[in-house]
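A closer look at the structure
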Amino acid sequence: MLVVVRLLKLIKFFVLPVLFALTACDDGSSSADTSPPVVGTGITATDGSTGVVLNWGAASDPPSNGLLSYKVIYSTANNISTVSDATANGTMGMDWTISVTNTTVTGLTSGTLYYFTVLVRDTSSNTSIYPVVSATTAQLLACPSGQIMTGISGRKGGIIDKLTVRCAPVVGGAVDTAATADSSTLGGSGGVAFGPFTCPTGEWVTGVNGYNASGGFTDSMSSVQVTCSGSSQSPSYNTGGNTAFNYSCAAGTKATAFVISSVWGGNYTGFMRGITCQ
């Protein structure tokens, strides 16, 4: 009986006061996180052979212990600069993903100007938005359906002012080289004409090499050369440049298009970004 009395006194004078004090302090004001994340370094957008490549700096938000989610939004209009506008007007390029700082947005229309932003959300659903950036998607310099690439022509000065793909139909499983003709073209009217070059009879283009950028024309193609299926090559139209490129089709496939970076105004041919084969 004495033990029980002492235990009750202990509860009354020590345990209950502590519980009351804890309850009085916990009014709920310290548990709510209402601060949105602080965005990291801005987005960079680069057109690639399969889409627009986006990179951005990681955001910070101490209450979330780094558990931040990111969502990519894009639009063909500059109407996604706020969280509400991005949600209402934009198209999702990547759904909410934890701790990612890059993605490639695909399924875009070639030769089109797009605007991109990134939303970042913390564990309390507070959301911030990165500044909007823009990029123009690459274009396909392509043969018509049912045809393959058999050569090139164009115009050149200090850079490749214009590039044209030459294409031929495939008849009965064989390329009809004699029917080769100029097809799609990109660029302007500067420089002097080069080519036309056509692969030997029965052959087709399997690769392209050269250099991108020259001097102040940082988004140009400075030289170009194609390789045919029998290993012969066209002349190198111009030589040198800032950055070498070399794209080849997989064995047994045939080139049908070049992937070219768009140039504002279309006064010359843009960067070579890749080759499409079938």
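**Observations concerning the sheet that holds strand E18 (residues 255-260)**
Strand pairs in the sheet, formed through backbone hydrogen bonds, run parallel or antiparallel to each other. Pairing is antiparallel across the open sheet formed by 3 strands, whose spatial order is E9-E18-E19. Either end of the sheet is taken by a strand with one partner, and the two such strands are strand E9 (139-142) and strand E19 (272-277). Put simply, the sheet's adjacent strands are angled 25 degrees from each other on average, direction ignored. Where E9 and E18 come together, 4 bridges link them in antiparallel fashion. Opposite Leu140, over in E18, you have Val259 as the bridge partner.

**A look at the nonpolar core**
Counting residues in each nonpolar core, the largest one holds 26 residues, and the members touching the most others are Ile152, Leu163, Val208, Met221, Val224, Phe258 and Met272. When residues of this core are traced back to their parent elements, those giving at least two are strand E10 (147-156), strand E11 (160-171), strand E14 (192-198), strand E15 (205-214), strand E16 (217-228), E18 and E19. For Ile152, the contacting residues outside a window of four places in its chain are Leu163, Thr164, Arg166, Phe194, Pro196, Phe197, Val224, Val226, Tyr237 and Phe258. Core analysis: the second largest hydrophobic core is formed by 20 residues, Leu54, Val100, Tyr114 and Ala135 among them.

**Quick look at the layout of surface pockets**
Considered as a void within the structure, the largest pocket measures approximately 220 Å³ in volume. Every residue lining the largest pocket is counted, 12 residues in all, and those nearest its centre are Asp47, Thr136, Ser261, Ser262 and Val263. When grouped by side-chain class, the residues that make up the lining of the largest pocket number 3 nonpolar, 6 polar and 3 charged. Quantified by volume, the second largest pocket comes out at close to 180 Å³. In this structure, the second largest pocket is lined by 16 residues; those nearest its centre are Thr50, Gly51, Leu108, Thr137 and Ala138.

Cut-offs used in this document
Sequence positions are assigned chain by chain, starting from 1 and proceeding in written order. Only residues with pLDDT of at least 70 are given local features in this predicted model, and only at 80 or more are side-chain atom pairs given and counted; all residues enter the totals for whole chains, interfaces and linings. Based on all heavy atoms of the structure, the side-chain values leave hydrogens and waters out of the count. Criterion used throughout: strands pair if DSSP finds at least two bridges between them. Here a strand is any run of E in DSSP of at least two residues, a helix any run of H or I of at least four, and the numbering for each starts at the N terminus. To get an axis, fit a line to the C-alpha atoms, keeping to the stretch in contact for a helix; angles then go from 0 to 180 degrees between the N-to-C directions. Throughout, nonpolar core names a set of buried Ala, Val, Leu, Ile, Met, Phe, Trp, Tyr and Cys residues whose side chains join them through atoms within 4.5 Å. With a 1.4 Å probe rolled over the protein chains alone, any residue whose accessible area is under 20% of its type maximum counts as buried; one over 50% counts as exposed, and the rest are partly exposed. We call two residues in contact whenever any of their non-hydrogen atoms come within 4.5 Å of each other. Only protein atoms enter the 1 Å grid, on which a cavity is a set of points fitting a 1.4 Å probe that cannot get out and a pocket is an open set with protein on both sides within 12 Å along at least 5 of 7 lines, lining residues being those with an atom within 4 Å of a point. Grid points are joined across faces, edges and corners, and a volume is the space filled by probe spheres set on the points. Three classes are used: nonpolar for Ala, Val, Leu, Ile, Met, Phe, Trp, Tyr, Cys and Pro, charged for Asp, Glu, Lys and Arg, and polar for all others, with Gly counted as polar.

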